[in-house]
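Notes for the structure review
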Amino acid sequence: MKIAYLGIHVWTVYGLSMLLFISFTNSYFIDEGFSLRDDPSITYNYDRIDEVRKECASVLSSSSELSPDDNRVYSIKNELSFVNGDWGQVVGNAPLMPFDDREVPKNASHSRLNLVSFWVTDVDRTRRLKNSVSVSGVLYMGITLDGAFSQKPYEGSPQFHIWPSQSEISVLFQGIYTESKKNGGERVMCLLGNAMLPSRQTDSTDPWEWVKDSGSNFNNQPPLLQDDQILFVLRYPKKLTLTNMAIRGQMKSLNQKSNLKYFDEVHVSSQLGSSAKYEFVSEKLVSKACDPYPYKDSFMNNGIDIYNGSDFCVILKQYTKREAFTIVPNWRCNGTDEYCSKLGPFVSDQEIKATDGGFKDVKLFMQNVRCEQTAAQNSAISVRVSAVFRAVPPFDNLYYAAQRSGISNMTLPAEGFWKSSTGQLCMVGCRSIVDAEGNGCDSRICLYIPLSFSIKQRSIIVGTFSSININSRSFFPLSFEKLVQPSELWNHIGTSHIRYKYSKIDSAATVLEKDEPFNFGTVIKKSLLKFPKLEDTEAFVVSLSLLSEDLTLHVSAVPDPFPHSNPPRTDIQMEIVSLGPLFGRYWSSQNGSSAEQETPYHTKADYTEKQILLNVSAQLTLTGKTYNNFSVLFLEGLYDPHVGKMYLIGCRDVRASWKVLFESMDLEAGLDCLIEVIVSYPPTTARWLVNPTARISISSQRNEDDPLHFSPIKLQTLPILYRKQREDILSRRGVEGILRILTLSMAIACILSQLFYIRENVDSVPYISLVMLGVQALGYSLPLVTGAEALFSRMSSELGESYDRPSYDLENNQWFHVIDYTVKLLVLVSFLLTLRLCQKVWKSRIRLLTRTPLESHRVPSDKRVCFATLIIHVVGYATVLIIHTVKTSQRPLRTQQYLDSSGNSHTLREWETELEEYVGLVQDFFLLPQIIGNFMWQINCKPLRKLYFIGITVVRLLPHVYDYIRAPIPNPYFSEEYEFVNPSFDFYSQFGDIAIPVMAVILAVAVYIQQRWNYEKLSQTLTWGRCKLLPLGSRVYQRLPSKAVEAELASGVNENATAEKGHHDEE
């Protein structure tokens, strides 16, 4: 008895300790920071300076005297360092370093890159001579497939590293800096280096045989040779101009060719960075391309407004800083294949030629942009601009490509000017090799910043490359553009300068008439459901801005209807560019306070029925493997707020062969605009009963035999939230939190009523099933142990991020924290009250057993009840697994990684999920053990209060009722992202939401009948003739006289009265 009583206390302490542990782990987190010690200071020794002067004698012989007042010497560290230049090696028998390409696919689309970076690390002013000054530097070079060499390596010692797809070496140098008058003036560094070179094998045809023999992780140190006989000469232009901006370098070995340390000569190329001063001295070359000004190209005559304000330099740098331009296909070219497939003035490699003039995924960077405003003349602003254009082949990493600085046939230095009178930036472009007369500067670049947008013009920067020589054009004019997200437009330029021109409204009206014929269903829909619309209480411009926010989509989507197999994820971004007369969004700080003083739009005198339909333009982006050639759609059309639908015409950037594009005579500005798009939004009302998902339909108007035709696309998004729903604290998560509190409070009230009931009916206490109480205690303890929500957990987890975490503000709202902590507290209270009820039942049976130790068989026992219940549920679980396996036979049982609502990774097994859900089913059928016990014990009393077993049954059924009446939310990625319940499984299906409550009600009715009629009356009732459903009554569980039991429970008047009294006092 003492052991049993001690066990109850242990359970109580366990429950409290678990709650404290959960609260502690959730609220206390130590963020341990790491204090990284700085590297020890490097001491620069110039112990080889005499050897340097000997090897650099030819450089010193042509050097000029350095003026003592020349401050350029002190800017060497900043101006003469460069990163991610190019290097190449003379073809010979002594390569510098190996490259491990064993893990590179044979059909890899991108080639290896030879990159080099150099930093001047020290300038020794104490050893300055008339014509030279001592310097130190570090060279960092290597071969990579997808990387960069932007970080300065460790200067303490030279190093060599190799791993799959990348090799790198660092060389430490010391030498001299000097200047020369050769080649129009040069700045020269001559250096001697120290490196750890990889050793070549002379007894093999492959000098890097050891690379193949080593493991993939190169756990063994590669064979290295220390070499200090490396000469490196770098030549910089003294004046940075259009035709003289390249850095050239040669690195060679001073060893004999027979020496293993010898390597073939290495050539380095780069360009001076933005810290170097650029001199605009190429007026003649610029006038060759831009005289007369402005140059009349195709963009000057298309009626588009062009920016001519004073912030041209700010805008240009903003949109060109590591931002890639898109190359426009040569869709108007009509010539030879070689002519129309050429990438303007750039030399096309195999990857670019493979695009066949479509230039898919070919990008363009505008690097080292220097922009200087000159003196204004006649109130006109003039700006001088220089830059380097870099073409990037498909599949190259754009992040690293933007950091490259090498000069090659894929780069084009340019210089020119911009005037506010025309808004045209005209530049001349020069190839990497230009003679003294300027031969090689034969390209013209015209660039604009548009201010008017349309469905065919969505670029913030547009431009063209064209040939200056009209008689012998070497390439077709190449167009480029900078597409931007709509949010960037009004952030950097301001909506006051930008306007949108609608041109597809009539075509969109045709789509509306086809999709929405007049019928009574549409009338009823318009009258009952409300969709996003203009706010009646807001000013017109504010209402348009708020509606644009509601119509914007950033959500994942799945095919509609949803297929049996899980499709790949499709991410949708739909940005509203303009709505009615409003371009972008309204910001009171930018637009003043005039809008705040406007009257609501519907009270205006000019309000007509035409304003029911709103003009709208948008940009739709689909991200997924299925839509590689269908990534961006420019949309324009009408929005009907009465039915929540957009009827749009779409234009897409077609990436096909120039021949296909040229033969498609119905292209508009190179775009395929024969596309119809319909976007259906969910209603703002009745959102608990209607799926809050948007539907998107995209179809082509072309014939099926047209090469630009595509199959219809229908998508359904995951649940979305409107602005007011995000701002509403009582979102679905809040509502379900309140429902959890109400149901738990109801359960606590039912348990308390049972506790009060057994105080007045002590004779029936032993006949309460401990298995039934244990099932309930298990249901309350699981949330405390696992952290899962109690009751309605399925609904809250199923909603995912779009509903369960609607915004940062809601996630951090104190109201939700109050709800969460209240739920945890009520779960703990329910758990402890259920344990108290178990304690009461257990003690009553102990007292009966103590009073009649020789008749223990007459005391109710749960052993056979537990065994029978276990058999029933094991068979039930096996049946569920079989049914589920049959239903999902087309997809095998699998193990997956998924994320819970906290972002933690877990392993999901379907049988485990079924087991967890079956545990919930066991709790729903909590009365089953009591029914079994009532038959076994042949009760003639009422152990359970009607309020208790009916109330708890109602509490367990409420989640199913709620799940049945609320809107089902299909989420195909549920099993990969969310925790505890998968709606594609069986227990919370529509059938389960009906069958489980029906079974639970039947169990409650059975308990009611058992307690209303005694066993003998029930046996007689269930007897038909000689057929008896229940066996004859037995005296095994005949109750002891109630008075004796009451006396036993009250005062313990028997041989163990003293002990019983002690226990009663402890209670």
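The model shown is predicted, which means the values in this text are computed figures rather than measured ones. (Residues numbered from 1 in each chain as written. Predicted model: local features only at pLDDT ≥ 70, side-chain atom pairs only at ≥ 80, totals over all residues. Heavy atoms only, no water.)

**Here we look at the overall build of the protein chain**
Test applied: Secondary structure elements are taken from DSSP: a helix is a run of H or I of four residues or more, a strand is a run of E of two residues or more, and numbering for both begins at the N terminus. Throughout, exposure labels follow a simple rule: accessible area from a 1.4 Å probe, protein chains only, divided by the maximum for the residue type, with under 20% read as buried, over 50% as exposed, and the rest as partly exposed. Pairs of residues are marked as contacts when any of their non-hydrogen atoms sit within 4.5 Å.
Scanning the protein chain from terminus to terminus reveals 32 helices and 33 strands. Expressed as a percentage of its 1067 residues, the buried residues of the protein chain come to 52%. Of the contacts made within the protein chain by residues no fewer than 6 positions apart, 74% connect residues no fewer than 24 positions apart.

**Let's talk about helix H6 (residues 283–290)**
Keep this limit in mind: The arc in question is the one spanned by the directions pointing from the helix axis to the C-beta atoms.
Of the residues making up H6, those classed as buried are Leu285, Val286, Ala289 and Cys290. Burial along H6 is one-sided: seen end-on, the buried residues are contained in an arc of 120 degrees. Contacts made by the buried residues of H6 are with strand S14 (411–419), strand S15 (425–429) and strand S16 (443–448).

**Remarks on the sheet that holds strand S13 (residues 382–392)**
Rules: Each pair of strands is called paired provided DSSP finds at least two bridges between the two strands. Every angle, taken between N-to-C directions, lies between 0 and 180 degrees, and every axis is a line fitted to C-alpha atoms, over only the stretch in contact when it is a helix.
Taken in spatial order, the eight strands of this closed barrel run S11-S12-S13-S14-S15-S16-S18-S19, and their pairing is antiparallel. Pairs of neighbouring strands in the sheet enclose a mean axial angle of 30 degrees, with direction left out of account. Pairing of strand S18 (residues 459–467) with strand S19 (residues 478–483) involves six bridges; the strand directions are antiparallel. Along S19, the bridge assignment pairs Ile461 with Lys482. On the sheet, H6 packs against S14, S15 and S16 and is oriented at approximately 115 degrees with respect to S15. Against the sheet, helix H7 (residues 312–320) makes contact with strand S11 (324–327), strand S12 (363–373), S13, S14, S15, S16, S18 and S19, and its axis sits at roughly 155 degrees relative to S12, the strand it touches most.

**With respect to the pairing of strand S5 (residues 160–163)**
Successive residues of a regular strand alternate their side chains across the two faces of the sheet. Of the two faces of S5, the one holding Phe160 and Ile162 is buried and the one holding His161 and Trp163 is not buried anywhere. Bridge analysis of S5 against strand S6 (residues 166–180) gives four bridges, and the strand direction is antiparallel. Bridging across to S6, Phe160 finds its partner in Ile169. Connecting S5 to the antiparallel partner S6 that follows it, the hairpin turn spans two residues, and Ser165 within it adopts a positive phi of roughly 75 degrees.

**Quick word on helix H14 (residues 540–551)**
The line we're drawing: Each residue after the first adds 1.5 Å to the expected span of a helix.
In this model, H14 (12 residues) spans 17 Å end to end at C-alpha, consistent with the 16 Å of a helix rising 1.5 Å per residue. With 11 of its 12 residues buried, H14 lies for the most part within the structure. Turning to H14, its buried residues number three or more, namely Phe540, Val541, Val542, Ser543, Leu544, Ser545, Leu546, Leu547, Ser548, Asp550 and Leu551.

**Brief notes about the confidence of the model for the protein chain**
Filter applied, for reference: One confidence number per residue, pLDDT, is output by the predictor and ranges from 0 to 100.
A residue-level look at the protein chain finds 74% of positions with pLDDT of 70 or above and a mean pLDDT of 78. The low-confidence segment residues 601–610 (pLDDT under 50) makes 13 contacts with residues lying over four places distant or belonging to another chain. Segment residues 891–903: pLDDT under 50, and 44 contacts once partners within four positions in sequence are set aside and those in other chains are kept.

**Remarks on the pattern of salt bridges**
Formally: In the sections that follow, a salt bridge refers to a side-chain nitrogen of Lys or Arg positioned within 4 Å of a carboxyl oxygen of Asp or Glu.
What the rule picks out here adds up to 23 salt bridges. Between Asp100 and Arg102 there is a salt bridge, with the nearest N and O atoms lying 2.9 Å from each other. With a relative accessible area of 37%, Arg102 lands in the partly exposed category. The salt bridge involving Glu323 is made with Lys482; its shortest N-O contact spans 3.6 Å. Separated by 159 residues along the polypeptide, Glu323 in the loop between H7 and S11 and Lys482 in strand S19 bring together distant segments of the chain. Residues joined by salt bridges that share partners form a network here, namely Arg652, Asp666, Asp672, Arg702 and Asp706.

**Overview of the pairing of strand S29 (residues 713–717)**
Counted residue by residue, S29 has four buried out of five residues, so it is predominantly covered. As defined by bridge partners, strand S21 (residues 553–559) adjoins S29 across three bridges and the pair is classed as antiparallel. The residue of S29 that forms the bridge with Val558 is Gln716. Relative to S29, strand S28 (residues 695–700) runs antiparallel, the two being bridged by four bridges. The partner of Ile696 across the bridge, within S29, is Leu715.

**A few points about the UniProt feature "transmembrane region" (unreviewed entry) in the protein chain**
Heads up, the rule is: UniProt positions are given in the numbering used here, feature names are shortened, and annotations may be inferred rather than shown by experiment.
UniProt's feature table lists "transmembrane region" (unreviewed entry) at residues 12–30, 737–758, 770–795, 815–838, 865–886 and 987–1009, given in the numbering used throughout. Helix makes up 100% of residues 737–758 and strand 0%, whereas the separation of the span's terminal C-alpha atoms amounts to 32 Å. As annotated, residues 815–838 has a helix share of 100% and a strand share of 0%, and its two end C-alpha atoms lie 35 Å apart.

**Re the nonpolar core**
Note the cut-off: Residues belong to a common nonpolar core when they are buried Ala, Val, Leu, Ile, Met, Phe, Trp, Tyr or Cys residues joined through side-chain atoms within 4.5 Å.
One finds Phe118, Met141, Met189 and Met251 to be the most contacted residues of the largest nonpolar core, which totals 60 residues. In terms of residue count, strand S4 (residues 133–144) provides more of this core than any other element does, five residues in total. Beyond its immediate chain neighbours, meaning those up to four positions away, Met251 contacts Leu96, Leu139, Met141, Phe173, Ile230, Leu231, Phe232, Phe263, Glu265 and Val266. Ile768, Leu921, Phe926 and Val955 belong to the second-largest nonpolar core, a separate cluster that totals 53 residues.

**Focus: the environment of Lys843**
Examined against the element boundaries, Lys843 turns out to sit in helix H23 (residues 814–851). Classification of Lys843 by relative accessible area gives buried; the value is 6%. Expressed as a C-alpha distance, the spacing of Lys843 and Pro766, which sit 77 residues apart in the sequence, is 8.5 Å.

**Re the state of the cysteines**
Cut-off, in case you're wondering: Cysteine sulfur atoms are paired as a disulfide whenever they fall within 2.5 Å.
Scanning the model with the defined rule gives six disulfides in all. Linked covalently through their sulfurs, Cys651 and Cys673 form a disulfide whose S-S length is 1.9 Å. Measuring handedness by torsion sign, the sulfur bridge of Cys651 and Cys673 sits at about 115 degrees and is right-handed. Highlighted residues: Cys651 in strand S26 (residues 645–653) and Cys673 in strand S27 (residues 671–680), separated in sequence by 22 residues.

**Some remarks on a nonpolar patch on the surface**
This is how it is decided: Without a salt bridge and with relative accessible area above 30%, a residue can belong to a patch; like charges are then joined within 9 Å and nonpolar side chains (Val, Leu, Ile, Met, Phe, Trp, Tyr) within 5 Å. Only the protein chains shown count as cover for residues, with accessible areas throughout obtained via the Shrake-Rupley method and a probe of 1.4 Å.
On the surface, a nonpolar cluster with roughly 450 Å² of combined accessible area is contributed by Tyr964, Ile994, Val998, Met999 and Ile1002. Per-element accounting of the nonpolar patch gives the leading share, four residues, to helix H29 (residues 990–1012). Along the polypeptide, Ile994 turns up in helix H29. Classification of Ile994 by relative accessible area gives partly exposed; the value is 45%.

**Section: unusual backbone geometry**
For the bond running from Asp291 to Pro292, omega is 5 degrees, close enough to zero to count as cis. The amide bond that connects Tyr293 to the next residue, Pro294, takes the cis arrangement and shows omega of 0 degrees. Position of Pro294 among the secondary structure elements: in the loop between H6 and H7. Its identity as a non-glycine residue notwithstanding, Asn84 has a phi of 55 degrees, on the positive side. Along the chain, Asn84 turns up in strand S2 (residues 82–89). Residue Asn84 is classed as buried on the basis of its relative accessible area of 0%.

**Let's talk about the side chain of Glu636**
Applicable threshold: Under the counting rule used here, the positive set is Lys and Arg, the negative set is Asp and Glu, and His together with the chain ends is not counted. We define a polar contact as two N or O atoms separated by no more than 3.5 Å, with the added condition that, inside protein, one atom must be a possible hydrogen donor and the other a possible acceptor, whereas residues neighbouring each other in sequence contribute only through side-chain atom pairs.
Along the chain, Glu636 turns up in strand S25 (residues 632–640). At 5.4 Å, Arg458 is the nearest oppositely charged side chain to Glu636, a buried residue that forms no salt bridge. Within the structure, Glu636 has its side chain in polar contact with the backbone nitrogen of Lys504 (distance 2.5 Å).

**With respect to the packing of aromatic side chains**
Selection criterion: Note on aromatic pairs: the rings of Phe, Tyr and Trp (six-membered ring only in Trp) are paired at centre separations within 6.5 Å, and the planes decide the class, stacked below 30 degrees, edge-to-face beyond 60, tilted for the rest. A ring is considered to have a charge above it if a Lys NZ or an Arg CZ atom is located within 6 Å of its centre and within 35 degrees of its normal.
All told, the structure shown has 20 aromatic pairs when counted by the stated rule. Both rings, one in Tyr278 and one in Phe280, keep their centres 4.8 Å apart while their planes meet at 70 degrees; by these two values the pair is edge-to-face. For the pair shown, Tyr278 and Phe280 are each scored as buried. Between the aromatic rings of Phe465 and Phe480, the centroid separation amounts to 5.2 Å while the plane-to-plane angle is 45 degrees, which identifies the pairing as tilted. Of this pair, Phe465 sits in strand S18 while Phe480 is found in strand S19, placing the two residues 15 residues apart along the sequence. Classification of Phe465 as buried rests on a relative accessible area of 0%. Accessibility expressed as a relative area gives 2% for Phe480, which makes it buried. One aromatic cluster is present, built from ring pairs that chain together Phe325, Phe346, Phe389, Phe465 and Phe480. Positioned over the ring face of Tyr295 is Arg444, at 3.9 Å from the centre of the ring.

**A word on the environment of Val954**
Locating Val954 in the fold gives a position in helix H27 (residues 946–965). For Val954, a relative accessible area of 38% corresponds to the partly exposed category. Taking the C-alpha atoms as reference, Val954 lies 9.0 Å from Thr743; in sequence the two are 211 residues apart.

**Description of the side chain of Asp124**
By the element assignment, Asp124 lies in strand S3 (residues 113–124). By relative accessible area, which is 10% here, Asp124 ends up buried. A polar atom in the side chain of Asp124 sits 2.5 Å from the side chain of Thr126. Residues within four places of Asp124 in sequence aside, it is in contact with Tyr46, Val133 and Ser134.

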